[in-house]
Amino acid sequence: MRRLLSIAAAGAVYVALNLVTEHMSFPGLQVVRPGIVVPVVSGVLLGPIAGFLVGFLGSMASDLLTSGFYWNWELGNGLIGLVAGLTPLLASRVRRQWIRIAAAAAVSAVAIVLGAGLAAMTDVFVANLRPDTALSAEWVPLATWNLAWGLPLLVLLLVVWAVIRRRVAP
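Predicted model only: the values in this text are computed from it and were never measured. (Residues numbered from 1 in each chain as written. Predicted model: local features only at pLDDT ≥ 70, side-chain atom pairs only at ≥ 80, totals over all residues. Heavy atoms only, no water.)

A. Molecular detail of the overall build of the chain. For the chain, the count of helices and strands is seven helices and zero strands. Reading the chain from its N end, one meets helices and strands in the order α-α-α-α-α-α-α. For 170 residues, the compact-globule formula gives about 15 Å, and the C-alpha radius of gyration of the chain, at 16 Å, lands near that figure. C-alpha atoms of the chain, sized along the principal axes, occupy 55 × 30 × 30 Å. A total of 170 residues make up the chain; the buried ones form 40% of that total. The long-range share in the chain, meaning contacts at least 24 apart out of those at least 6 apart in sequence, stands at 68%. (Helix = DSSP H or I, 4+ residues; strand = E, 2+ residues; numbered from the N terminus. Rg over C-alpha atoms; globule rule 2.2 N^0.38 Å. Buried < 20%, exposed > 50% of the residue type's maximum accessible area, 1.4 Å probe, protein only. Contact = heavy atoms within 4.5 Å.)

Take a look at the structure:
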């Protein structure tokens, strides 16, 4: 029950961040989407299934509230949470916190590139884009900005989480 509540809460946070940043733009920044950190952190802390559900359902809910349902983009965001959720499996025996955080950042970077790639390249079929357009106009910019927002926020949140756990632990 606790895991389901965590998934629902993370999904709601993801939707809220997507809606708040939907129309934000700053000079020199193409995309302001810091919410990508939510499915990434959910995957890292709660596991791959939770990461997938937060990414997929959170993206779907925010898209339905703004622009419609795009199954390939929802699947791409779900894939980001799913792959990031493999971190505990890959770093389960590591005791040093900074190595675990570095592993989470590395796996999450791969997750972001794969998820953005899935969403963008399926637009070749879904939105009738040419492959070079999907690559240059969607995959590269999306992956770049998701990496720029997601990885620093992920590291920050994992450091804060580690400090909180240390202080709360008996």
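B. Focus on the packing of helix H1 (residues 2-20) against helix H3 (residues 48-66). Contact pair H1 / H3: the axes reach a minimum separation of 8 Å and the direction vectors enclose 40°. It follows that H1 is oblique to H3 by the angle criterion. H3 is crossed by H1, and the crossing has right-handed handedness. Contacts from Ile7, Ala10, Gly11, Tyr14, Val15, Asn18 and Leu19 in H1 reach Ala50, Leu53, Val54, Gly55, Gly58, Ser59, Ala61, Ser62, Leu65 and Thr66 in H3. Within the contact of H1 with H3, the residues separate by chemical class into ten nonpolar, seven polar and no charged. (Axes fitted to C-alpha atoms, helices over the stretch in contact; angles between N-to-C directions. Parallel < 35°, antiparallel > 145°, perpendicular 65-115°, else oblique. Left-handed = near helix turned anticlockwise from the far one by under 90°. Nonpolar A, V, L, I, M, F, W, Y, C, P; charged D, E, K, R; others polar.)

C. Fine view of a nonpolar patch on the surface. The grouping of Leu64, Phe69, Trp71, Leu75, Phe125 and Val126 at the surface amounts to a nonpolar patch, some 620 Å² of accessible area in total. Listing elements by their share of the nonpolar patch, those giving two or more residues are helix H4 (71-84) and helix H6 (97-126). The residue Phe125 is located in helix H6 in this model. Relative accessible area serves as the criterion here: at 69%, Phe125 is assigned to the exposed category. (Patch = residues over 30% accessible without salt bridge, like charges linked within 9 Å, V, L, I, M, F, W, Y side chains within 5 Å. Areas by Shrake-Rupley, 256 points an atom, 1.4 Å probe, with all protein chains shown as cover. Salt bridge = Lys/Arg side-chain N within 4 Å of Asp/Glu carboxyl O.)

D. Structural detail: H3. With 19 residues, H3 ought to run about 27 Å at 1.5 Å a step, and its terminal C-alpha atoms sit 27 Å apart, in line with that. Taken as a whole, H3 has its buried residues at Ala50, Gly51, Val54, Gly55, Phe56, Gly58, Ser59, Ser62 and Asp63. Buried positions along H3 lie against H1, helix H2 (37-46) and H4. Just downstream of H3 lies Gly68, where phi reads positive at about 120°. (Expected span 1.5 Å × (residues − 1).)

E. Examining H1 more closely. With 19 residues, H1 ought to run about 27 Å at 1.5 Å a step, and its terminal C-alpha atoms sit 27 Å apart, in line with that. Ile7, Ala10, Gly11, Tyr14, Val15 and Asn18 are the residues of H1 that are buried. The buried residues of H1 occupy one face: seen down the axis, they fall within an arc of 140°. In H1, the exposed residues that point more than 90 degrees away from the buried face are Arg2, Leu5 and Val20. Looking at the packing, one finds that the buried side of H1 touches H2, H3 and H4. (Arc of directions from axis to C-beta.)

F. The layout of surface pockets, seen in detail. The calculated volume of the largest pocket comes to roughly 770 Å³. Val41, Val44, Leu45, Leu158 and Trp161 are, among the 26 residues lining the largest pocket, the residues nearest its centre. For the lining of the largest pocket, the elements supplying multiple residues, two or more each, are H1, H2, helix H5 (87-90), H6 and helix H7 (131-168). In terms of residues, the lining of the largest pocket owes the most to one element, H7, which gives eight residues. Here the residues of the lining of the largest pocket sort into 19 nonpolar, four polar and three charged. (1 Å grid on protein atoms, 1.4 Å probe; cavity = no way out; pocket = protein on both sides within 12 Å on 5 of 7 lines; lining within 4 Å. Points joined across faces, edges and corners; volume = space filled by probe spheres on them.)

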